[in-house]
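# Structural description and commentary
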Amino acid sequence: MNKLIASAELALADIAADNQTIAVGGFGLCGIPEALIEALKNTGVTGLTCISNNAGVDDFGLGKLLQTKQIKKMISSYVGENKEFERQYLNGELDVELTPQGTLAEKLRAGGAGIPAFFTQTGVGTLIAEGKEVREFDGKEYILEPSLTADIALVKAYKADKAGNLVFRKTARNFNPECAMAGKFTVAEVEHVVEIGEIDPDHIHLPGIYVNRIV
């Protein structure tokens, strides 16, 4: 089994389409799949819903897709460093669903694990809770949060073997494993590729079962 593809462009050419939901790993600009984001921009697809902790900055990361207006909706936790994001949102050009950071991570993890929803205290009594089911457990209120899945997940890892088993480096792991799990089709951008069996099984952070292609 060899999941290695020659380029980011080839890895996305036959799977990227208009109006898809895309989960993108990274935290700030740490651990973002730069080459895959650029390749996605070059496909010209539009109407995307992007699930990511943040939207990059104006000229880097997902900010590139905002500049070309390929994103119609962002599901994020933090968006404070992107002026184009702010401009599009305030002008009604971009739909935004702000989600607490831990809740976003769990929504992705749950989606990847086949769990449709979960209860959490985070957001109780705030705008986050509007329109959501509230239940009481042990005298405390919890809101029901639906999980998230994506048509495609784009992630960044430090190392992969040709079967797609991934190793992340330090804090660059961040949202990448959860995004990979939540994607129906996952493409991983990696810095080093080794032969199958060269990574100690105890050192694998994400099994290749979640990864369809590596570049």
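What comes next concerns the included structure. (Residues numbered from 1 in each chain as written. Predicted model: local features only at pLDDT ≥ 70, side-chain atom pairs only at ≥ 80, totals over all residues. Heavy atoms only, no water.)

## Overview of the sheet that holds strand S6 (residues 134–137)
- Taken in spatial order, the three strands line up as S5-S7-S6 in an open sheet, and their pairing is antiparallel. Every other strand in the sheet has two partners, leaving strand S5 (117–120) and S6 as the edge strands with one partner each. The average angle at which neighbouring strand axes cross in this sheet is 35°, direction not considered.
- Note: S6 against strand S7 (residues 140–146), four bridges, orientation antiparallel. (Pairing = 2+ DSSP bridges. Helix = DSSP H or I, 4+ residues; strand = E, 2+ residues; numbered from the N terminus. Axes fitted to C-alpha atoms, helices over the stretch in contact; angles between N-to-C directions.)

## A word on the packing of aromatic side chains
- Counted according to the given criterion, the structure contains three aromatic pairs.
- When the centroid spacing of 6.5 Å and the interplanar angle of 20° are considered together, the rings of Phe 27 and Phe 175 count as stacked. You can see Phe 27 sitting in the loop between strand S1 (21–24) and helix H2 (34–43) and its partner Phe 175 sitting in the loop between strand S9 (166–167) and helix H6 (176–182), a full 148 residues away along the chain.
- When the centroid spacing of 5.5 Å and the interplanar angle of 80° are considered together, the rings of Phe 137 and Tyr 142 count as edge-to-face.
- Linked through ring pairs, Phe 119, Phe 137 and Tyr 142 together constitute an aromatic cluster. (Phe/Tyr/Trp six-rings, centres within 6.5 Å; stacked < 30°, edge-to-face > 60°.)

## A closer look at the pairing of S5
- Residue alternation in S5 divides its side chains into a buried set, Phe 118 and Thr 120, and an unburied set, Ala 117 and Phe 119.
- The sheet contact formed by S5 and S7 spans four bridges and is antiparallel. From the neighbouring strand, Thr 120 faces S7, where its bridge partner is Ile 143. (Buried < 20%, exposed > 50% of the residue type's maximum accessible area, 1.4 Å probe, protein only.)

## Overview of the environment of Glu 9
- Mapped onto the elements, Glu 9 comes out in helix H1 (residues 8–13).
- Under the relative-accessibility criterion, Glu 9 is labelled partly exposed at 41%.
- Considering only alpha carbons, one finds Glu 9 and Arg 169, 160 residues apart in sequence, at a separation of 24 Å.
- Not counting chain neighbours up to four residues away, the residues in contact with Glu 9 comprise Ala 39 and Asn 42. (Contact = heavy atoms within 4.5 Å.)

## Focus: the environment of Gly 61
- With respect to the helices and strands, Gly 61 occurs in the loop between strand S2 (48–51) and helix H3 (63–67).
- For Gly 61, a relative accessible area of 8% puts it in the buried group.
- Put simply, Gly 61 and Cys 30 are 31 residues apart on the chain and 9.9 Å apart in space, counted from C-alpha to C-alpha.
- In this structure Gly 61 touches Ile 32 and Ile 37, once residues within four positions along its chain are discounted.

## With respect to empty space enclosed by the protein
- As enumerated under the stated definition, the model contains one cavity of 30 Å³ or more in all.
- For the largest cavity, the calculated volume is near 50 Å³.
- Taken together, Val 24, Gly 25, Gly 28, Leu 29, Ile 32, Ile 37, Ser 52, Asn 54, Ala 55, Gly 56, Gly 61 and Leu 62 make up the full set of residues lining the largest cavity.
- A class-by-class count of the residues in the lining of the largest cavity yields six nonpolar, six polar and no charged. (1 Å grid on protein atoms, 1.4 Å probe; cavity = no way out; pocket = protein on both sides within 12 Å on 5 of 7 lines; lining within 4 Å. Points joined across faces, edges and corners; volume = space filled by probe spheres on them. Nonpolar A, V, L, I, M, F, W, Y, C, P; charged D, E, K, R; others polar.)

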